[in-house]
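As a plain string of letters, each chain reads:
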Amino acid sequence: MPITRDEVAHLARLSRIALSDAELDHLAPQLDQIITAVAQVQEVAAEGIPPTSHATGLTNVFRADEPVPCLTPEEALAQAPAVERQRFKVPRILGED
Amino acid sequence: MELTRMTAAELSAALATSEVSATEVTQAHLDRIAAVDDRVHAFLHIAADSALAQAADVDQRRATGEQLAPLAGVPVAVKDVFTTKNMPTTCGSRILDGWHPPYDATITRRLKQAGAIILGKTNMDEFAMGSSTENSAFGPSRNPWDLDKIPGGSSGGSAAAVAAYEAPLAIGTDTGGSIRQPAAVCGIVGTKPTYGGSSRYGVVAFASSLDTPGPFGRTVLDAALLHEAISGHDPMDSTSIDAPVPPVVAAAREADVSGMRIGVVTDLSGDGYQPGVLSRFAEAVELLESLGAKVTEVSCPHFKYALPAYYLIAPSECSSNLARFDAMRYGLRVGDDGTRDAEEVMALTREAGFGAEVKRRIILGAYALSSGYYDAYYGKAQQVRTLIIRDFDAAFGQVDVLVSPATPTTAFPLGERADDPMAMYLADLCTIPSDLAGNAAISVPCGLAAEDGLPVGLQVMAPALADDRLYRVAAAAEAAFAGRWGQPLLASAKGLGA
């Protein structure tokens, strides 16, 4: 068993997903099955093989640093769940103490 | 003239000579959508008013004698993963329900500039994760060949719209096969261009090193026309390739494979492949040989590790990309009652806003990237990616293109794999290698499987930036098959009646 129910619960917390107990019961064995299957990559002897993170080979793409028109504050805030004084209004991020 | 049965190339010609107006063409497609989309459910949003306004604009410009692009006045359906100003963009997810992006994707903008008429936004698996559209939060689309079968995914709505004559053209994205697999099971043409050949700016990201926008059409030439219209360097996408667009339209018109070296990938067959798929594929290979291609067998021994590598790389990138859905600046916010802090609100929002497959992949990605497992999973998968690229490099040293079935099976019944992730993942067995390598690939119809009468796709793969070879081979096969069948394959689709 490469992944336990407790580990899935921990990863869900790290991923900020408030999984229910029923979902955990359902997801944990599925993830276990998937991880067992994808672990096949470990069969490949890959000593000294460089990793590929993307296929184009492009590195350090630069452009001229020129100002261009951008969203107005109204446009940027138009889809916000809550707005106050031309700012995104969010729930508190610090505790009481 | 039955406007919805015409190809994009035919519509383009009729529009150019003012035989028909863009308004008539657009209205005919909106009428077709109104008549069949309650059964197909290809669309999440139908943009009738803006489509007719765009059409009126095209008609007016043409009346003044302005020279317009080939797709001016030709309708197109756009997958709901592309941002569209003044139109919703949901990605098939509750978390973006009602979101109206403040900007257009580069591809949306290029379509509008070309005068293509955007009919609306098509259904998809949530955030492009899936092979059936069953992961859409808004219900699945259905296959026009048989309404009880999946239309493929994730771009299933786009494929179904084209196969149901609701649009002559559609745009999708391919990350592990999400254009080619739905094209194959709906009996139409779909292309994954070279990675970096079509811009990702304004494409809501799933796996950034793999996501590739591309075209659907009912003919190879139509797909090429759309491919050309959306492609080319975009300074807004730092992974966009600054190179000329391959001559895809010219290649589709030439349709000549004489002397071409075609390699059959022996590793993409055998166990797990439906017999009717393999026999149609074998026929297609014989056909290409009879047209003058030199066919050989090629082995790509690491392709069997492509699926496991993909299901580590794509979820890893997804777990990072989808962190942006944090309920703070846009999208759904749940549980903000004044007592909960930001992290609790994030967790409640993501729990309510994401479906099961998205949650599975975020957690899988978090696992593959976590300290202690990174080298054994994500790191190893990246090395496998190198080995797959080397397999392709070796193969393309011997042949000009590779061919395989596009999918191991035809369209399966809705519901059959909905809660069996590993079975669902197998639908992309043949398409994933090209995504990992970033090269170009197409699926073109090659007949119906004997056992179920459903369409089979022939996949053609070409080296990066040699996308024109796909169209040369696919168009040659299409023309030869048309001669054999006497009518387009799609004329046999009876899911919506005769």
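Scope of this entry: the structure provided in the associated data block.

Rules used throughout
Within each chain, residue numbers correspond to sequence positions counted from 1 in written order. Chain letters start at A and ligand numbers start at 1, both assigned in the order the entries are written. In view of the model being predicted, local features appear only for residues whose pLDDT reaches at least 70, and side-chain atom pairs are presented and counted only at 80 or more, with totals across whole chains, interfaces and linings using the full set of residues. Only runs of H or I of at least four residues qualify as helices and only runs of E of at least two qualify as strands under DSSP, and these elements are numbered from the N terminus. Radius of gyration: C-alpha atoms only; globule rule: 2.2 Å multiplied by the number of residues to the exponent 0.38. Comment: burial labels come from other C-beta atoms within 10 Å of the residue's own C-beta, placed from the backbone, where a count of 20 or more is buried, 12 or fewer is exposed, and between is partly exposed. Note on contacts: each residue gets a C-beta atom placed from the backbone, and two residues are in contact if those atoms are within 7 Å. We define a nonpolar core as a collection of buried residues of the types Ala, Val, Leu, Ile, Met, Phe, Trp, Tyr and Cys that are connected via C-beta atoms lying within 7 Å of each other. Throughout, the ten residues Ala, Val, Leu, Ile, Met, Phe, Trp, Tyr, Cys and Pro are labelled nonpolar, Asp, Glu, Lys and Arg are labelled charged, and all others, Gly among them, are labelled polar. Axis lines are fitted to C-alpha atoms, over the contacting stretch for helices. Their N-to-C directions set the angle, which ranges from 0 to 180 degrees. When an angle is under 35 degrees it counts as roughly parallel; over 145 it counts as roughly antiparallel; between 65 and 115 it counts as roughly perpendicular; any other value is oblique. Paired strands, in this sense, are two strands between which DSSP finds at least two bridges. A helix's residues, less one, multiplied by 1.5 Å, set its expected span. Comment: arc refers to directions from the helix axis out to C-beta atoms.

Turning next to the overall build of chain A. Looking only at helices and strands, one finds 3 helices and 2 strands in chain A. Starting at the N terminus and ending at the C terminus, chain A contains elements arranged as α-α-α-β-β. Its C-alpha atoms give chain A a radius of gyration of 23 Å, more than 25% over the compact-globule value 13 Å for 97 residues. When the backbone C-alpha atoms are referred to their principal axes, chain A occupies close to 55 × 45 × 30 Å. Within chain A, the proportion of its 97 residues that are buried is 21%.

For chain B, the helix and strand inventory stands at 16 helices and 11 strands. The C-alpha atoms of chain B give 21 Å as radius of gyration, which agrees with the globular expectation for 498 residues (23 Å, within 12%). Across its three principal axes, chain B shows a C-alpha extent of roughly 70 × 55 × 45 Å. Within chain B, residue pairs in contact and separated by at least 24 positions form 77% of the contacts whose partners lie at least 6 positions apart.

Looking now at the nonpolar core. All names here are of chain B. In terms of nonpolar packing, the biggest core is built from 187 residues, with Val76, Val460 and Ala474 touching the most fellow members. Take this core: its biggest share by element is 9 residues, from helix H10 (residues 306-321). Val460 has contacts with Val401, Val403, Ala441, Ile442, Leu470, Val473 and Ala474, leaving out every residue within four places of it along the chain.

Turning our eyes to something else, we now look at the interface of chain A and chain B. In this assembly, 46 residues from chain A lie in contact with 55 residues from chain B. Secondary structure elements with two or more residues in the side of chain A that touches chain B: helix H1 (5-14), helix H2 (21-38) and helix H3 (73-77) of chain A. In terms of residue class, the side of chain A that touches chain B is made up of 32 nonpolar, 10 polar and 4 charged.

A word on unusual backbone geometry. Residue and element names in this part refer to chain B. Here the residue pair Gly153 and Ser154 is connected by a cis peptide bond, since its omega of 5 degrees sits within 30 degrees of zero. Of note, Ser154 is situated in the loop between strand S3 (117-122) and helix H5 (156-163). Here Thr133, not a glycine, exhibits a phi torsion of approximately 65 degrees, which is positive. Along the chain, the position of Thr133 falls in the loop between S3 and H5.

To continue, consider the packing of H1 of chain A against helix H12 (residues 356-369) of chain B. Helix-helix packing is characterised by the crossing angle of the two axes and by the distance between the axes. The contact between H1 of chain A and H12 of chain B brings their axes to 9 Å, and the two run at 100 degrees. Between H1 of chain A and H12 of chain B, the interaxial angle falls into the category roughly perpendicular. Each of Val8, Leu11, Ala12 and Leu14 of chain A in H1 of chain A lies in contact with H12 of chain B, whose residues at this interface are Ile363, Ala366 and Tyr367 of chain B. Split by residue class, the contact of H1 of chain A with H12 of chain B holds 7 nonpolar, no polar and no charged.

Residues and elements named next belong to chain B. At a closest axis distance of 9 Å, the pairing of helix H7 (residues 220-230) and helix H16 (residues 467-485) adopts a crossing angle of 155 degrees. Between H7 and H16, the crossing angle belongs to the class labelled roughly antiparallel. Along its contact with H7, which presents Val220, Leu221 and Ala224, the element H16 presents Tyr471, Ala474, Ala475 and Glu478. When the residues that make up the contact of H7 with H16 are grouped by side-chain class, the tally is 6 nonpolar, no polar and 1 charged.

Before going further, it helps to spend a moment on the environment of Ser158 of chain B. Residue and element names in this part refer to chain B. Its place among the elements puts Ser158 in helix H5. Each C-alpha atom of the pair Ser158 and Phe216 lies 7.5 Å from the other, and the pair is 58 residues apart in sequence. In this view, Ser158 contacts Ala77, Lys79, Thr122, Ala170, Ile171, Gly172 and Phe216; residues no more than four positions away in its chain are not counted.

All names here are of chain B. What the 11 strands build is an open sheet, ordered S1-S3-S2-S4-S6-S5-S10-S11-S9-S7-S8; its pairing is mixed. Edge strands, defined here as strands with exactly one partner in the open sheet, are strand S1 (43-46) and strand S8 (294-298). The mean inter-strand angle of the sheet, taken between neighbouring strand axes irrespective of direction, is 30 degrees. Inspection of the sheet shows strand S7 (residues 261-265) paired to S8 by 5 bridges, in the parallel sense. By the bridge assignment, Ile262 is partnered in S8 with Val295. Against the sheet, H7 touches strand S4 (169-174), strand S5 (189-192), strand S6 (212-217) and strand S10 (440-448), its axis set at about 145 degrees to S6. H16 contacts S5, strand S9 (401-405), S10 and strand S11 (455-462) of the sheet and is inclined by roughly 10 degrees relative to S10.

Let us now look at helix H3 (residues 48-63) of chain B. Residue and element names in this part refer to chain B. In a regular helix each residue adds 1.5 Å, so 16 residues correspond to 22 Å; H3 covers 22 Å between its end C-alpha atoms and thus fits that length. Within H3, the full set of buried residues consists of Ala51, Gln54, Ala55 and Val58. Around the axis of H3, the buried residues are gathered within 100 degrees of arc, so they sit on the same side. In H3, those exposed residues whose orientation departs by more than 90 degrees from the buried face are Asp49, Gln60 and Ala63. Buried residues belonging to H3 abut helix H2 (22-40) and S3. Looking one or two residues past H3, Gly65 carries a phi angle of roughly 90 degrees, positive in sign.

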